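Tertiary structure, described
One-letter residues, chain by chain:
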Amino acid sequence: MKKDIHPQLNDVKVVLTTGETVVMKSTLNKEEMKLDTDPNNHPAWTGKRNLDNKSGRSESFNKKFAGMFS
């Protein structure tokens, strides 16, 4: 491996959405990172889908553009 071309790895304290902290290596020059999404709440890991379509997008579209296509 060539010397002096790789970024330095630092220990970073990562705060998960549950408040749990984990120490990881990173090239960022931060001491702490707070995550918005992590394995505790992301659908890729939980297997649950969060549907933001609760308001009925097609219904709101039809209401908004009701007179345009007549």
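Along each chain, residue indices are assigned from 1 in the same order as the chain's sequence is written. It should be noted that, the model being predicted, local features are given only for residues of pLDDT at least 70 and side-chain atom pairs only at 80 or more, the latter also being counted only at that level, while totals for whole chains, interfaces and linings use all residues. Hydrogen atoms and water are omitted, and side-chain values are computed over all heavy atoms in the structure.

Some remarks on the overall build of the protein
- Of regular secondary structure, the protein possesses 2 helices and 3 strands.
- N-terminal to C-terminal, the α/β element order of the protein is β-β-β-α-α.
- When a residue's accessible area, from a 1.4 Å probe over protein chains only, is under 20% of the maximum for its type it is buried; when over 50% it is exposed; and in between it is partly exposed. Within the span of the protein, comprising 70 residues, buried residues form 11% of the whole.
- Surface accessibility follows the Shrake-Rupley procedure with a 1.4 Å probe radius. Residue values consider only the protein chains on display as shielding. When the accessible area of the protein is evaluated, it comes to approximately 6800 Å², of which 51% is carbon and sulfur surface. Helix numbers and strand numbers start at the N terminus; a helix is a DSSP run of H or I with at least 4 residues, a strand a run of E with at least 2.

Let's talk about the pattern of salt bridges
- The working definition used for a salt bridge is a side-chain nitrogen of Lys or Arg within 4 Å of a carboxyl oxygen of Asp or Glu. Following the criterion strictly, the structure yields 2 salt bridges and no others.
- The partner of Asp-11 in a salt bridge is Lys-25, with the nearest N and O atoms 3.1 Å apart. Placement of Asp-11 in strand β1 (residues 10-15) and of Lys-25 in strand β2 (residues 21-26) is noted, with a sequence separation of 14 residues between them.
- Here Lys-13 ties to Glu-32 by a salt bridge, and the two come within 3.3 Å at their closest N and O atoms. With Lys-13 in strand β1 and Glu-32 in strand β3 (residues 32-34), this pair connects stretches of sequence that are 19 residues apart.

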